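For reference, the chains in residue letters:
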Amino acid sequence: MEVNSDTQPTQGLDETRKKVIALAQSKPKGIMDEDVSTIIPEIKQRVVILNDLLNKSFLTLFTLSNGKFLYKYREPVVGVKVADDQEKLVYELCAKAGNKGIWIREIRQKLNLTQAQTTKVLKSLEKKRIIKAIKPVGDSKKNFVMLYHLEPPSSVTGGAWYQDQEFEGEFVNVLNEQCYRYLEKKREKAIKEDLGPIAEKNGSFAPSTDVLKYISELGISKVKLKLEDLEMILHTLMYDGKVEKITTSNGNNMYRAVQPLVGFTGLMTSPCGVCPVRKNCSDIGTVTPLTCQYFSDWLN
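- Per an unreviewed UniProt entry, the protein goes by the name DNA-directed RNA polymerase III subunit RPC6 and belongs to Trichogramma kaykai.
- UniProt lists a comment for the protein under the heading Subcellular location (unreviewed entry), and it reads "Nucleus".
- Check the Sequence similarities (unreviewed entry) section of the UniProt entry for the protein; it says "Belongs to the eukaryotic RPC34/RPC39 RNA polymerase subunit family."

**Focus on the overall build of the protein**
Here's step 1: Summing up its helical and strand segments, the protein has 12 helices and 11 strands in all.
Here's step 2: Every one of the 300 residues in the protein was classed for burial, and the buried ones make up 37%.
Here's step 3: If you take every contact in the protein between residues at least 6 apart in sequence, the share linking residues at least 24 apart comes to 54%.
Here's step 4: For the protein, the accessible area works out to roughly 18,000 Å², and carbon and sulfur atoms hold 51% of it.

**What to know about the packing of helix α4 (residues 85-97) against helix α6 (residues 115-127)**
Here's step 1: With their axes 10 Å apart at the nearest point, α4 and α6 run at an angle of 75° to one another. Relative to α6, the element α4 is oriented roughly perpendicular. Contacts from Gln 86, Glu 87, Val 90 and Tyr 91 in α4 reach Gln 117, Val 121, Leu 122, Ser 124 and Leu 125 in α6.
Here's step 2: Tallied by class, residues from the contact of α4 with α6 come to 5 nonpolar, 3 polar and 1 charged.

**Some remarks on the sheet that holds strand β9 (residues 206-207)**
Here's step 1: Pairing within the open sheet is antiparallel, and its 3 strands lie in the order β9-β11-β10. Unpaired on one side and paired on the other, β9 and β10 (243-247) mark the two borders of the sheet.
Here's step 2: Looking at chain direction, β10 and strand β11 (residues 253-257) are connected through 5 bridges and run antiparallel. Pairing of Val 243 across the sheet is with Ala 257, part of β11.

**Details of the packing of aromatic side chains**
Here's step 1: The final tally for this structure, using the stated rule, is 1 aromatic pair.
Here's step 2: One cation-aromatic arrangement involves Lys 142 over Trp 103; the distance from NZ or CZ to the ring centre is 4.0 Å.
Here's step 3: Over the ring of Tyr 180 we find Lys 242, and its NZ or CZ is 4.3 Å from the ring centre.

**Let's talk about helix α8 (residues 169-193)**
Here's step 1: The end-to-end C-alpha separation of α8 is 37 Å, in line with the 36 Å expected for 25 residues at 1.5 Å each.
Here's step 2: All of the buried residues along α8 are Phe 171, Val 172, Leu 175, Asn 176, Gln 178, Cys 179, Tyr 180, Leu 183, Glu 184, Arg 187 and Ala 190.
Here's step 3: Just past α8, the residue Asp 194 takes up positive phi, approximately 50°.

**Section: the pattern of salt bridges**
Here's step 1: This model, assessed by the stated rule, comprises 9 salt bridges.
Here's step 2: For Arg 187, the salt bridge is made with Glu 184, and the minimal N-O distance between the two is 2.9 Å. With Arg 187 and Glu 184 both in helix α8 and 3 residues apart, this pair spans about one turn of that helix. Assigned by exposure class, Arg 187 and Glu 184 land together as buried.
Here's step 3: Across the pair Arg 256 and Glu 244 runs a salt bridge, and its minimum N-O distance is 2.6 Å. One end of the pair, Arg 256, is in strand β11; the other, Glu 244, is in strand β10, and 12 residues separate them in sequence.
Here's step 4: Since its relative accessible area comes to 15%, Arg 256 is described here as buried.
Here's step 5: It is possible to trace a salt-bridge network through shared partners that takes in Asp 14, Arg 17 and Asp 52.

Conventions we followed
- Residues numbered from 1 in each chain as written.
- Predicted model: local features only at pLDDT ≥ 70, side-chain atom pairs only at ≥ 80, totals over all residues.
- Heavy atoms only, no water.
- UniProt positions renumbered as here; feature names shortened; annotations may be inferred.
- Helix = DSSP H or I, 4+ residues; strand = E, 2+ residues; numbered from the N terminus.
- Buried < 20%, exposed > 50% of the residue type's maximum accessible area, 1.4 Å probe, protein only.
- Contact = heavy atoms within 4.5 Å.
- Areas by Shrake-Rupley, 256 points an atom, 1.4 Å probe, with all protein chains shown as cover.
- Axes fitted to C-alpha atoms, helices over the stretch in contact; angles between N-to-C directions.
- Parallel < 35°, antiparallel > 145°, perpendicular 65-115°, else oblique.
- Nonpolar A, V, L, I, M, F, W, Y, C, P; charged D, E, K, R; others polar.
- Pairing = 2+ DSSP bridges.
- Phe/Tyr/Trp six-rings, centres within 6.5 Å; stacked < 30°, edge-to-face > 60°.
- Lys NZ or Arg CZ within 6 Å of the ring centre and 35° of its normal.
- Expected span 1.5 Å × (residues − 1).
- Salt bridge = Lys/Arg side-chain N within 4 Å of Asp/Glu carboxyl O.

Below, the structure is given as structure tokens:
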């Protein structure tokens, strides 16, 4: 049986057990015996149900320094056919890592497995479509795995700007041109209305949601762009001095086209402006311009 994202992990459990699970889910730091007592006052029944949830891997038990027990919720191995304990442990590590995935070397080290054992287990889980391999754009030399039904965040995949680990420079360039074109047309319309400099300036601003709607209606994107994706494009135009931004009192970001004070710098065509891991970039470490293949390709 394969992983199914629609699987109901509490199916078949009574309402009391479901309430305990829901309580543990609502408190990531864990629940104590007194928390559970609000649901199950009778101590013998409480012990039976807690032990049952521990055995079914819905809860993990921790013993505190004062001798008390702490229970934390964990994703159980439900709907997954594993061959042995090694596969179960690997599955649990992947589940704990969530949608960011886990480095294969980390799996090997945590479980004290040999390279051959790790490869065998991972191949078996991949064949069953329980896990899948991913490669983060910021560190493509490392091999990660994650649960099959999860989708990695843009900080891992590169989002809309990367396809098969390759930076889509031409796509970014087209988006830059179209965003600027939309804002420039709005500015020209405000000038033609000739209502004075203040009205002209205010009338040339457009919320980022309007720009996103315009780009979406053009149909030039192969992927569905999010508002945060579109604002990354607008920010590259800001870096080039072609757009300015204000934030309204209700938190909306507004943009308008301006005449650049200096010549075009070409920054908007570089991968840096829309790189999802640029905050981690430095002159040392694994994310650095010195070894960035996308930056090198752009320079060449």
